[in-house]
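Spelled out, the chains give:
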Amino acid sequence: RIQILFELQGTMSQLSNHYEEQLKSETFDAKVFVHQLCKNFDNARDLDDVKKIIENVRQTNAAQLKHNVYRNYGQFIDTSKEITFLEAEMYKLGHLLTEQRALITSLTDDTIAMEKVQTITEPWFYHENDS
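Description of the structure in this document. (Residues numbered from 1 in each chain as written. Predicted model: local features only at pLDDT ≥ 70, side-chain atom pairs only at ≥ 80, totals over all residues. Heavy atoms only, no water.)

**As for the overall build of the protein**
Broken down by element type, the protein carries 3 helices and 0 strands. Ordered by position in the sequence, the α and β elements of the protein form the string α-α-α. Here the protein, with 131 residues, has 6% of them falling under the buried criterion. For the protein, the exposed surface amounts to about 12000 Å²; the carbon and sulfur share of it is 59%. (Helix = DSSP H or I, 4+ residues; strand = E, 2+ residues; numbered from the N terminus. Buried < 20%, exposed > 50% of the residue type's maximum accessible area, 1.4 Å probe, protein only. Areas by Shrake-Rupley, 256 points an atom, 1.4 Å probe, with all protein chains shown as cover.)

In structure tokens, the structure reads:
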């Protein structure tokens, strides 16, 4: 009787691993999964056992998710702070570029205006080679 119990536990462990792999698969389809379960098991006890396996997988995944969230929380906070700092730096850089553009435009306008003034005030017969 003990041997049967160990064999049953081994079978349940294999089933548990099999169902866990299916549930974690990226191509998991719930409808197909349930259809296969209903086709393979014909009594309520078997389905209850599978339900327990699925519940264990759910609890394990929930615990892993919680662990990963806590583990990555500090990194999330640090990354958020860095993003905020970089946003502020980008804002300052944008502001400096705007100021620089305004200065260059002003200098260009002033240079053009001075050239026009020089052209107007110089005699028409003045040439640089005449000096």
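**Examining a nonpolar patch on the surface**
Residues Leu65, Val69 and Tyr70 make up a contiguous nonpolar surface patch of roughly 350 Å² in combined accessible area. Checked against the element boundaries, valine 69 lands in helix H3 (residues 44-121). (Patch = residues over 30% accessible without salt bridge, like charges linked within 9 Å, V, L, I, M, F, W, Y side chains within 5 Å. Salt bridge = Lys/Arg side-chain N within 4 Å of Asp/Glu carboxyl O.)

**So, the environment of glutamate 20**
Along the chain, glutamate 20 falls in helix H1 (residues 2-24). Between the alpha carbons of glutamate 20 and asparagine 56 there is a distance of 9.3 Å; along the sequence they are 36 residues apart.

**Observations concerning the pattern of salt bridges**
Overall, the coordinates contain 2 salt bridges when judged by the stated rule. Here glutamate 55 makes a salt bridge to arginine 58, at a shortest N to O gap of 2.6 Å. Here arginine 58 and glutamate 55 lie together in helix H3, a separation of 3 residues that amounts to about one turn. In this structure, the salt-bridge partner of lysine 92 is glutamate 89, at a minimum N-O distance of 3.7 Å. Taken together, the residues span about one helical turn, with lysine 92 and glutamate 89 both in helix H3 at a distance of 3 residues.

Just distances and angles here, no functional claims.
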